[in-house]
Amino acid sequence: MKQIRLIARLDIKAPKLIKGINLEGVRVVGDPEEYAQKYYKDGIDEIFYMDAVATLYGRNSLTTLVSNTAHNVFVPLTVGGGIRTIDDVNRMMRAGADKVAINTAATKNPKILSELSQRFGAQAMVLSIEAKAIKSGGWEVYTDNGRERTGRDVLEWVSEAKQLGIGEIILTSVDKEGMQQGFDIDLIRAVTQRVDVPVIASGGMGHPEHIVEVVEKGGVDAVAIAHCLHYGKFSLSEIRDHLFKSNIKVRKL
Amino acid sequence: MKHIHLCDYGVGNIYNVQRALEHEGAAVHMCTAPEQLVDVQAIVIPGVGAFGDSITKFRELGFENPVKKLVAEGVPLLGICVGMQMLGNSSEEHGYHEGLGIIAGHVKRLNDKTIPEGAPLRLPHISWSSLETVQGKKWANTPLENVQPGEYAYFVHSYAFECESDTNLIATCNYGGHKIAAVIQSGNVYGTQFHPEKSGNTGLKILNHFIQSLA
């Protein structure tokens, strides 16, 4: 049985942890370092920092946060938002990131994925996809926190990206994000069936049962949780207990 | 104070290795050149990325012979992830590459089908997987001494070490039904396929034991 990873997703408008709905409508939650520390102590498998305003400012501003977090959080750290060049990735790695998540830069210049994979290793490259349902069927790739259309079809994009070299995909449903009504199972299943890299589902969790659903029906390898953790709806041990009872294999502490 | 010389041969993120070692009480010396391997109590070789790229950089900087000499003198060494893989004789990742030949074994691509079902197995193996004992081997007097079988560590790799002799294998993990070498040993040389600096408390305990057991 597959081991599922639980990842805490922290959207950052530096220096604050924020939370949005459908990737916008920002509310300040608090100090991201405190939250990351707490999740680490509670046994989170990984931390994912997303710079929510990187595109607006033209760069990722999270190096200090990453450095500070890496000082005493000894689980994998992924950083996304505004990462465009080899220098950006280098800067993040030196600050303490283990993986980087890339969206916009890859959609504009897909070759950057193979350049970065070769330089840093595919396991450090996470392709971030923001997917919005198209009325006539299928999903379109969006960037910039679900604001900018790319005209790319999600399934074609994942096939193309896989060829270029990626280690994982973090798949966010723009429609479901922040709604707490579950993940977009159809989207996720379509992607996990299309490519064989590990997929992280993001966007929509309101209850631990949603994780059971997306693992059993969507075929994911990991789940990113934001709202439920940041607002204390469920503790990590409550989530883990629910998953164990439902026969979903997660890390035992 | 215990001292660790950390080989910085230009791959990926080694600052986390440094921090974790410092967290567990070591004074860490970052070595970007073999000339800095002076008064060495122990060596750590980190590793991220592709074998070929890593071993080439390691050799180009001139680390190979000085490190092998120190190992022959009994200096403890810990190789992490690709750092562990480099301890072997060879790797088939992106072509054939020769390793350092410190622990007999070869690095091969992970199988991408589960056993016995034959279902597709996603690679890289990115997972917290539990550490299992190897029959007949105790973990006492190894960095795993304070780890319970079944504790989890963080793995991220597509290639794995296959020991030529089981005597060098001290812990395994399971992925898709396949047993993967998690920890290998030869004398004072250890290798962990997982990242102890990313494996929470379990990883920190392993680093702690490695450090605290230095003479």
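### Digging into the overall build of chain A
Link 1 in the chain: Secondary structure summary: chain A contains eleven helices and twelve strands in total.
Link 2 in the chain: Over its C-alpha atoms chain A spans a radius of gyration of 16 Å, differing by no more than 12% from the 18 Å that the globule rule assigns to 253 residues.
Link 3 in the chain: In terms of principal-axis extent, the alpha carbons of chain A reach across some 45 × 45 × 35 Å.
Link 4 in the chain: Across the 253 residues of chain A, 62% fall into the buried class.
Link 5 in the chain: In chain A, of all internal contacts separated by at least 6 residues, the share reaching a separation of at least 24 is 66%.
Link 6 in the chain: Accessible surface, chain A as shown: approximately 9900 Å² in total, 47% of it carbon and sulfur.
Link 7 in the chain: Between the averaged position of the 33 positive side-chain charges in chain A and that of its 32 negative side-chain charges there is a distance of 1 Å.

### Description of the confidence of the model for chain B
Where the model shows low pLDDT, its predicted coordinates should not be examined in detail.
Link 1 in the chain: In this model, chain B carries a mean pLDDT of 95, and residues with pLDDT of at least 70 account for 100%.
Link 2 in the chain: For this predicted complex, the interface score ipTM comes out at 0.90, while the overall pTM is 0.93.

### Describing the sheet that holds strand β5 (residues 90–91) of chain B
Residue and element names in this part refer to chain B.
Link 1 in the chain: Strand order in this open sheet of four strands is β6-β5-β7-β11, and the pairing throughout is mixed. Strands at the two margins of the open sheet, each flanked by one partner only, are β6 (97–98) and β11 (159–163).
Link 2 in the chain: Both strand β7 (residues 105–109) and β11 contribute to a ladder of five bridges, which runs antiparallel. Bridging across to β11, His 106 finds its partner in Glu 162.

### As for the interface of chain A and chain B
Link 1 in the chain: Counting residues at the interface gives 37 residues for chain A, matched by 24 residues for chain B.
Link 2 in the chain: Around 2500 Å² of area is buried between chain A and chain B when both sides are counted, 55% of it from carbon and sulfur atoms.
Link 3 in the chain: Per-residue buried area on chain A facing chain B is highest for Phe 74, Arg 94 and Gln 123 of chain A; these three make up 26% of the total on that side.
Link 4 in the chain: At the boundary of chain A and chain B, one finds two salt bridges.
Link 5 in the chain: For Asp 98 of chain A, the salt bridge goes to Lys 198 of chain B, with nearest N and O atoms at 2.8 Å.
Link 6 in the chain: Counting across the chain A and chain B interface gives 15 residue pairs in polar contact (both at pLDDT 80 or more).
Link 7 in the chain: Counting residues per element, the ones that place at least two in the side of chain A that touches chain B are α3 (63–72), α4 (86–95) and α6 (111–120) of chain A.

### What to know about the pairing of strand β1 (residues 5–13) of chain A
All names here are of chain A.
Link 1 in the chain: With eight of its nine residues buried, β1 lies for the most part within the structure.
Link 2 in the chain: With four bridges connecting them, β1 and strand β12 (residues 222–225) associate as parallel partners. By the bridge assignment, Ala 8 is partnered in β12 with Ile 225.
Link 3 in the chain: Strand direction decides the pairing type here: β1 and strand β4 (residues 46–51), joined by six bridges, are parallel. In the strand pairing of β4, Ile 7 is matched with Glu 46.

### What to know about the sheet that holds strand β14 (residues 189–192) of chain B
All names here are of chain B.
Link 1 in the chain: Strand order in this open sheet of eight strands is β2-β1-β3-β4-β14-β13-β12-β9, and the pairing throughout is mixed. Only two strands of the sheet have a single partner each, and these edge strands are β2 (26–31) and β9 (132–133).
Link 2 in the chain: Bridge count for strand β3 (residues 43–45) against strand β4 (residues 77–80) is three bridges, and the pairing is parallel. When the sheet's bridge partners are listed, Ile 45 is paired in β4 with Gly 79.
Link 3 in the chain: Along the sheet, helix α3 (residues 64–72) contacts β1 (2–7), β3, β4 and β14; its crossing angle with β3, the most-contacted strand, is approximately 135°.
Link 4 in the chain: Packed on one face of the sheet, helix α5 (residues 200–212) meets β1, β2, β3, β4 and β14 and runs near 115° to β1.

### What to know about the packing of α3 of chain A against α4 of chain A
All names here are of chain A.
Link 1 in the chain: Between α3 and α4, the shortest axis-to-axis distance is 8 Å and the interhelical angle comes to 30°. As the angle between them shows, α3 and α4 are arranged roughly parallel. Listed contacts from α4 to Thr 63, Val 66, Ser 67 and Ala 70 of α3 are Arg 91, Met 92 and Ala 95.
Link 2 in the chain: For the contact of α3 with α4, a count of residues per class yields four nonpolar, two polar and one charged.

### Remarks on the packing of aromatic side chains
Each aromatic ring pair is characterised by the separation of its centres together with the angle its planes make.
Link 1 in the chain: Considering all chains together, one arrives at six aromatic pairs over all chains under this definition.
Link 2 in the chain: Aromatic pair Phe 58 of chain B and Phe 63 of chain B: ring centres 5.3 Å apart, planes at 25°, arrangement stacked. Each member of the pair Phe 58 of chain B and Phe 63 of chain B is classed as buried.
Link 3 in the chain: Every member of this aromatic cluster is reached through a ring pair, and the members are Tyr 9, Phe 58 and Phe 63 of chain B.
Link 4 in the chain: Stacked on the ring of Trp 157 of chain A, the Lys or Arg Arg 152 of chain A has its end atom at 4.5 Å from the ring centre.

### Quick word on the pairing of strand β9 (residues 148–153) of chain A
All names here are of chain A.
Link 1 in the chain: Relative to β9, strand β8 (residues 139–143) runs antiparallel, the two sharing three bridges. Opposite Glu 140, over in β9, you have Asp 153 as the bridge partner.
Link 2 in the chain: The hairpin formed by β8 and β9 contains four residues between the paired strands, and Asp 144 there has a positive phi angle of roughly 60°.

### Here we look at the nonpolar core
Link 1 in the chain: Core analysis: the biggest nonpolar cluster contains 154 residues, and Ile 47, Tyr 49, Ile 129, Ile 169 and Val 191 of chain A together with Val 67 and Leu 131 of chain B have the highest contact counts within it.
Link 2 in the chain: Judged by nonpolar contacts, the second largest core, of nine residues, contains Ile 7, Val 126, Ile 200 and Ala 224 of chain A.

### So, the pattern of salt bridges
All names here are of chain A.
Link 1 in the chain: Tallied over the entire structure, the rule returns 25 salt bridges over all chains.
Link 2 in the chain: A salt bridge links Lys 162 to Asp 196, with the shortest nitrogen-to-oxygen separation between them at 2.9 Å. Of this pair, Lys 162 sits in helix α7 (residues 154–164) while Asp 196 sits in the loop between α8 (185–194) and β11 (199–202); the two residues are 34 residues apart in sequence, bridging distant segments of the chain.
Link 3 in the chain: Residues joined by salt bridges that share partners form a network here, namely Arg 5, Glu 46, Lys 99 and Glu 168.

### Topic: the environment of Glu 130 of chain A
Residue and element names in this part refer to chain A.
Link 1 in the chain: As for its position among the elements, Glu 130 is in strand β7 (residues 125–133).
Link 2 in the chain: Residue classification places Glu 130 among the buried positions, given a relative accessible area of 4%.
Link 3 in the chain: Taking C-alpha positions, Glu 130 is 6.3 Å from Thr 143, a pair spaced 13 residues apart along the chain.
Link 4 in the chain: A polar contact of 3.3 Å, which involves the side chain of Glu 130, links it to the backbone nitrogen of Asn 145.

The rules behind the values
Residues numbered from 1 in each chain as written. Chains lettered and ligands numbered in written order. Predicted model: local features only at pLDDT ≥ 70, side-chain atom pairs only at ≥ 80, totals over all residues. Heavy atoms only, no water. Helix = DSSP H or I, 4+ residues; strand = E, 2+ residues; numbered from the N terminus. Rg over C-alpha atoms; globule rule 2.2 N^0.38 Å. Buried < 20%, exposed > 50% of the residue type's maximum accessible area, 1.4 Å probe, protein only. Contact = heavy atoms within 4.5 Å. Areas by Shrake-Rupley, 256 points an atom, 1.4 Å probe, with all protein chains shown as cover. Lys, Arg positive; Asp, Glu negative; His and termini not counted. Charge placed at Lys NZ, Arg CZ, Asp CG, Glu CD. pLDDT = per-residue confidence, 0-100. Pairing = 2+ DSSP bridges. Buried area = accessible area lost by both parts, 1.4 Å probe. Salt bridge = Lys/Arg side-chain N within 4 Å of Asp/Glu carboxyl O. Polar contact = N/O pair within 3.5 Å; in protein donor to acceptor, adjacent residues only side chain to side chain. Axes fitted to C-alpha atoms, helices over the stretch in contact; angles between N-to-C directions. Parallel < 35°, antiparallel > 145°, perpendicular 65-115°, else oblique. Nonpolar A, V, L, I, M, F, W, Y, C, P; charged D, E, K, R; others polar. Phe/Tyr/Trp six-rings, centres within 6.5 Å; stacked < 30°, edge-to-face > 60°. Lys NZ or Arg CZ within 6 Å of the ring centre and 35° of its normal. Core = buried A, V, L, I, M, F, W, Y, C linked by side-chain atoms within 4.5 Å.

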